[in-house]
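Now for the letters of each chain:
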Amino acid sequence: MPGLFDMRFIVNTGKGGVGKTTMSIAMAHAFARRGKRVLLMQLNAPDKLGRLYGKPPVGGAIVELAPNIWSVNPTPAEAMREYALMILRFSMVYKAVFENRLVARFLRMMPGMPELVMLGKAYYHEKEEVDGRRVWDVVILDAPATGHGMFLLQIPRVISDALSSGLMAEEARRMLALLTDRRRTMLNIVTLAEEMPVNETIDLKRRLDSEIGIQVGYIIANNIFPRLFDATEERALTELLDSHGTEDDDLGSLLAAGVFRFRRRALQDLHLQRLDKELGLPLVEVPFLFEADLTRDGIVRLADAFTRAVETMEARR
Amino acid sequence: MTTLSELIATRRVLVCVGSGGVGKTTTSAIIGLHAALRGRRVLVMTIDPARRLANSLGIEGLDHEIQQIDLSAYDDLGREPGGALWATMLDMKSAFDSIVDRHIKDPAERKAIDSNRFYRFFSTSLAGAQEMSATDRLLDVIDSGQFDLVVLDTPPTTNALDFLDAPSRFAEALDSETIRWFIEAGGRATRGGKLLNVGTGMVVRTLGKFTGTEFFTELGDFLYHLNSVLTGFNERSRLTRSLLSDASSAFVIVTSPDPSTAREAAWFRKRLAEFNVRLGALVVNRVRRPLAHEGLLAAPVNVITDRLLAISGADLIGRPLLTRIAGHLLTNATQFNELARRDAATIDDLRREIGADVHVATVPMYAADIHSLSGLERVRRDLFDLARLDDEDLQRLARTA
């Protein structure tokens, strides 16, 4: 059974604010370390990666962030132009049609159009070849948050159901085939071990199964506090704080901070158990980094933790 | 500077915006709750509250209906007379349906729209439709005159200000000229005898190659039926914009001290200015506070162990265990202090960027979920700088909950 690192097309989604982009770039490092050439595609997001790698913000042009890791972050208009030119071939025709004032205005708000061309671009890169050789070993799609991400993935089916002819319908059918190919494509849901992100994750997994049929590989739980105290220590700590009687002096605040730590972790454990019980999917716990701001070094450590967890789980299968 | 408390006492509309996962819905609920306890009649329009958030306010769940929240639990906690709280959920799924319902009364016309494939597939996701529907409802509840204050929670989009932008983009994209063009391109007008000019014909043929011709027929049909709805939109959209840029409305940016989220908050600030709306306050949730006493952090482990031994009573906990605990306590406190320093620095940067005229309110990170009545009350007191809950308050809340 093919594992995560055998995939050619990876989609990462999850609730807003859970760290999808961080997990996507960590995953890119994990692939790159195996000698794979990775394209990390963001979909018109406010770019966070350029800054992290000491480069200008990633935009419509593909840029190399680190050895074997490339990224692109096109606007729908850029993706549309690239896509239409590929199909129409002549830029004069493109100008006359797609840059027609009324058409351009309309296409901007046309439902599904931005999603279709963005997905189309990702699809094209998965296939891209130069001199008979694949350009990318894997395309990682840092997809939009749950609701919008779901809409993005539905577009190929919606269009292929709605239209029987035309280039758009043919493209949509090919994209659908890629999305539902379990040997090449895997979707991962990034989440936090908190109530709302977990609710969304459970709901999203069910909708993906019933409406898209894409393979859901891993649930990636981000920001898990590393455990410091074992059960005996936790009990003793609670007693100590109790007998000390105050959180307001030096020792009291030290004890209270310890209790705070293991209570937050216990809360995370409850939500992790709920994920496991409801979904029964491989669950990767990614540690919280006690750092001022995310750095390249931090990403490499996340990539390590992620790789170890995935390798252990896949070896057990 | 207008404080958050003053905003709540004086404004008619407060819009909470921010990135996903920062606690926007909870903050909106607490702002509404506080205003109601201060004697105002408040409606909170929310997106998708956690069930436990709804439950902690004493309601089973929330839907399109406006529900009143029972505030009797707060009778002994400084509730002022005259206030009342209502809540409703913005149903994003049937957003477009409700707009169509409002503008199209003819059943035959409605049926034609329902059977249009375009409408069926895209009515829930037409760019801007959800925002349009939310602002439509906002106008309705303001017009009803039932509420002194409406608190609006906004959808967590990549671009959280789509909310302001989308209705006008929608109106612009579908102005009458564009619609006429597409209706003609779809073939309706030619049936009426008018022929497309040569240029348009070429454009339509080329686009048709791309999209398939049936796309155009369906689309033209869709727009033809929707023409009257869209004309109504423009007027509503203009009214919403002027309501939101009025001095009686203010925006509240909700954020967390995570550096990348804070950078987004600073960016929202710029965008709000471009839209000519007023930023009232900034709320930073989940702020980690440093240890009140940092002295012990530099102490060797055995000093801490001795102090622990002194309080551990009748030697129930042995020295080896206490030594391990002392070591972990130091690691933990050092890690959290590092984060607390980071949070403080991020908030300082935010204050500088936001400007001295905007109130920045902070809420600490708690050890437990805040989804209970006492949890909400704790946040309310921290957010509005009220005295912390004491044991007596907690007992009162426990009695009434």
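How should I be thinking about the interface of chain A and chain B in this particular structure?
How large an interface is tends to be reported as the accessible area lost when its parts come together. Taken together, the contact pairs 60 residues of chain A with 63 residues of chain B. Within the residue set of the side of chain A that touches chain B, elements represented by two or more residues are helix 4 (91-98), helix 5 (101-109), helix 7 (146-162), helix 8 (167-179), helix 9 (195-212), helix 10 (231-244) and helix 11 (250-279) of chain A. At 12 residues, the largest contribution of residues to the side of chain A that touches chain B is made by helix 11 of chain A.

Sorry, what's going on with helix 14 (residues 301-311) of chain B here?
Note on helix geometry: an α-helix contains 3.6 residues per turn, so any two residues three or four positions apart are oriented the same way. Where helix 14 of chain B is concerned, the buried positions are I304, T305, R307 and L308 of chain B. Taken down its axis, helix 14 of chain B places every buried residue within 165° of arc, on the same side. Exposed side of helix 14 of chain B, more than 90 degrees from the buried face: V303 and A310 of chain B are the residues found there. As for helix 14 of chain B, its buried residues are in contact with helix 10 and helix 11 of chain A together with helix 15 (319-354) of chain B. At the C-terminal side of helix 14 of chain B, G313 of chain B shows a positive phi close to 75°.

For this particular structure, what's the right way to read the sheet that holds strand 4 (residues 69-72) of chain A?
In a beta sheet, neighbouring strands pair by backbone hydrogen bonds and run either parallel or antiparallel. Residues and elements named next belong to chain A. Judged by pairing direction, the sheet is mixed, and its 8 strands sit side by side in the order 3-4-2-7-1-8-9-10 without closing on themselves. Two strands close off the open sheet at either side, each with one partner strand: strand 3 (63-66) and strand 10 (283-287). On average, adjacent strands in this sheet sit at an angle of 25° to one another, irrespective of strand direction. Helix-sheet contacts for helix 1 (residues 20-33) involve strand 1 (9-14), strand 2 (38-42), strand 3, strand 4, strand 7 (138-142), strand 8 (185-192) and strand 9 (216-224), and the interaxial angle to strand 7 is about 170°. Against the sheet, helix 9 engages strand 1, strand 8 and strand 9, with an angle of about 160° to strand 8.

Looking at this structure, how should I read the packing of helix 6 (residues 113-127) of chain A against helix 7 of chain A?
The relative placement of two packed helices comes down to the angle between their axes together with the axis-to-axis distance. All names here are of chain A. For the pair helix 6 and helix 7, interaxial distance at closest approach is 9 Å and the crossing angle is 95°. Classed by the angle they form, the pair helix 6 and helix 7 counts as roughly perpendicular. Taking contact as the criterion, the partners of E115, L116 and L119 in helix 6 are, on helix 7, F151, L152, I155, P156 and I159. Each residue belonging to the contact of helix 6 with helix 7 can be placed in one class, and the counts come to 7 nonpolar, no polar and 1 charged.

Can you walk me through the sheet that holds strand 1 (residues 13-17) of chain B in this structure?
All names here are of chain B. Read from one edge to the other, the open sheet built from 8 strands follows the order 3-4-2-5-1-6-7-8, with strand pairing classed as mixed. What marks the edges here is a single partner per strand, and that holds for strand 3 (67-69) and strand 8 (359-364). Strand-to-strand, the axes of this sheet are offset by a mean angle of 20°, without reference to chain direction. Relative to strand 7 (residues 279-287), strand 6 (residues 249-255) is paired through 5 bridges, and the arrangement is parallel.

What exactly am I supposed to notice about the pairing of strand 9 of chain A here?
Looking along a regular strand, one sees side chains alternate from face to face of the sheet. Residues and elements named next belong to chain A. Sheet topology note: the strand 8/strand 9 ladder contains 5 bridges and is parallel. Across the sheet, residue T191 finds its bridge partner in strand 9, namely A221. Between strand 8 and its parallel partner strand 9, the chain crosses via helix 9, and the hand of that crossover is right-handed. The sheet contact formed by strand 9 and strand 10 spans 4 bridges and is parallel. Bridging from a neighbouring strand, A221 pairs with E285 of strand 10.

Each value, and the rule that gives it
- Residues numbered from 1 in each chain as written.
- Chains lettered and ligands numbered in written order.
- Predicted model: local features only at pLDDT ≥ 70, side-chain atom pairs only at ≥ 80, totals over all residues.
- Contact = placed C-beta atoms within 7 Å.
- Helix = DSSP H or I, 4+ residues; strand = E, 2+ residues; numbered from the N terminus.
- Buried ≥ 20, exposed ≤ 12 C-beta atoms within 10 Å, placed from the backbone.
- Arc of directions from axis to C-beta.
- Pairing = 2+ DSSP bridges.
- Axes fitted to C-alpha atoms, helices over the stretch in contact; angles between N-to-C directions.
- Parallel < 35°, antiparallel > 145°, perpendicular 65-115°, else oblique.
- Nonpolar A, V, L, I, M, F, W, Y, C, P; charged D, E, K, R; others polar.
- Right-handed = clockwise from strand over helix to strand, strands pointing away.

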